[in-house]
Amino acid sequence: MGQLKPNDVITKVGNLRYRQLQVGSDYYLLDLDTHIWTWLIPTSVWWFPMRAYKLERAKSLVSKKQPKVSPYLVSSLVTVVFTRFPIYFSVNNRLLSWTILLIICLSLFIARLVWSKRQSQEYHAKKMVRINFSRKSKINYLARMVFPILLLLVVMSIGLTDFLAGGAIGVVLIFIMFLMLLNFNGASVPPSEIESISITE
């Protein structure tokens, strides 16, 4: 069990997959991609236990690994190909439209998975960390996140409506918004007030 100290703090380390957690004089590297289903639920990454790696000292930067061919580039090309053939986005062919939409979303999800694997770091001292934030901090955090989450969902809904109506621009909107959704947790900041921290093997 980690004891709460005044300097318990979570900081960025230059890699969206990880955050550094300081508990007293100890440092841990938090893996935000512990549960891949949290990619589909904005802010949920902070409400569940996650993998953590004990560090010998503080890190200011965790290296990134760039794939030779960007998976996001490949998924972008898939979207461009589909937008070049708007004749297929017909209201009279909903099955084909939904199939195309599913392929786009799956290609993005797989690209996100490949990117996550590429960013993986190898550490031996693996633990599980659960961070409990104060109730007030949770409420304030969710209040701050309501507008960006609603905006993301509204724009995605507009893109879906346009796509099913036969418009090609809807595919682009869905692509961008779904990509933002998959990376939302990695780009977000945690609630501000830590109430307690549980660290287990």
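Look up a bit, the structure's there.
Everything numeric in this text was worked out from a predicted model, so none of it was measured.

Moving on to the overall build of the protein. Along its length, the protein carries five helices and six strands. Expressed as a percentage of the 201 residues in the protein, the buried residues total 44%. Sequence-distant contacts in the protein: of pairs separated by 6 or more residues, those separated by 24 or more amount to 74%. On the protein, roughly 11200 Å² of surface is accessible, and the fraction owed to carbon and sulfur atoms is 65%.

Here we take up a nonpolar patch on the surface. A cluster of nonpolar residues, Trp37, Leu40, Ile41 and Phe48, forms a patch on the protein surface that exposes about 360 Å² of accessible area. Its location among the elements puts Trp37 in the loop between β3 (26-31) and β4 (50-55). Trp37 gets classed as partly exposed once you look at its relative accessible area, which sits at 40%.

Let's shift gears to the environment of Asn15. Relative to the elements of secondary structure, Asn15 occurs in the loop between β1 (9-12) and β2 (18-23). You can call Asn15 buried: its relative accessible area is 2%. Along the backbone, Asn15 and Gln119 are 104 residues apart, and their C-alpha atoms lie at a distance of 7.7 Å.

It is worth spelling out the packing of aromatic side chains at this point. One pass over the full model with this rule turns up five aromatic pairs. For the ring pair Trp46 and Phe133, a centre distance of 6.5 Å and an interplane angle of 85° mean the geometry is edge-to-face. Pair noted here: Trp46 is in the loop between β3 and β4 and Phe133 is in strand β5 (residues 126-133), with a separation of 87 residues, a long-range link. Exposure remark for Trp46: the relative accessible area of 1% places this residue in the buried category. One aromatic cluster in this structure is built from Trp46, Trp47, Phe133 and Tyr141. Sitting above the plane of the Trp39 ring, Arg112 keeps its charged end 4.2 Å from the centroid.

This part is about helix α4 (residues 169-182). For α4, spanning 14 residues, the distance from its first C-alpha to its last is 20 Å, which sits close to the expected 20 Å at 1.5 Å a residue. If you check which residues of α4 are buried, you get Gly170, Val171, Ile174, Phe175, Met177, Phe178, Leu181 and Leu182.

Procedures and definitions
Residues numbered from 1 in each chain as written. Predicted model: local features only at pLDDT ≥ 70, side-chain atom pairs only at ≥ 80, totals over all residues. Heavy atoms only, no water. Helix = DSSP H or I, 4+ residues; strand = E, 2+ residues; numbered from the N terminus. Buried < 20%, exposed > 50% of the residue type's maximum accessible area, 1.4 Å probe, protein only. Contact = heavy atoms within 4.5 Å. Areas by Shrake-Rupley, 256 points an atom, 1.4 Å probe, with all protein chains shown as cover. Patch = residues over 30% accessible without salt bridge, like charges linked within 9 Å, V, L, I, M, F, W, Y side chains within 5 Å. Salt bridge = Lys/Arg side-chain N within 4 Å of Asp/Glu carboxyl O. Phe/Tyr/Trp six-rings, centres within 6.5 Å; stacked < 30°, edge-to-face > 60°. Lys NZ or Arg CZ within 6 Å of the ring centre and 35° of its normal. Expected span 1.5 Å × (residues − 1).

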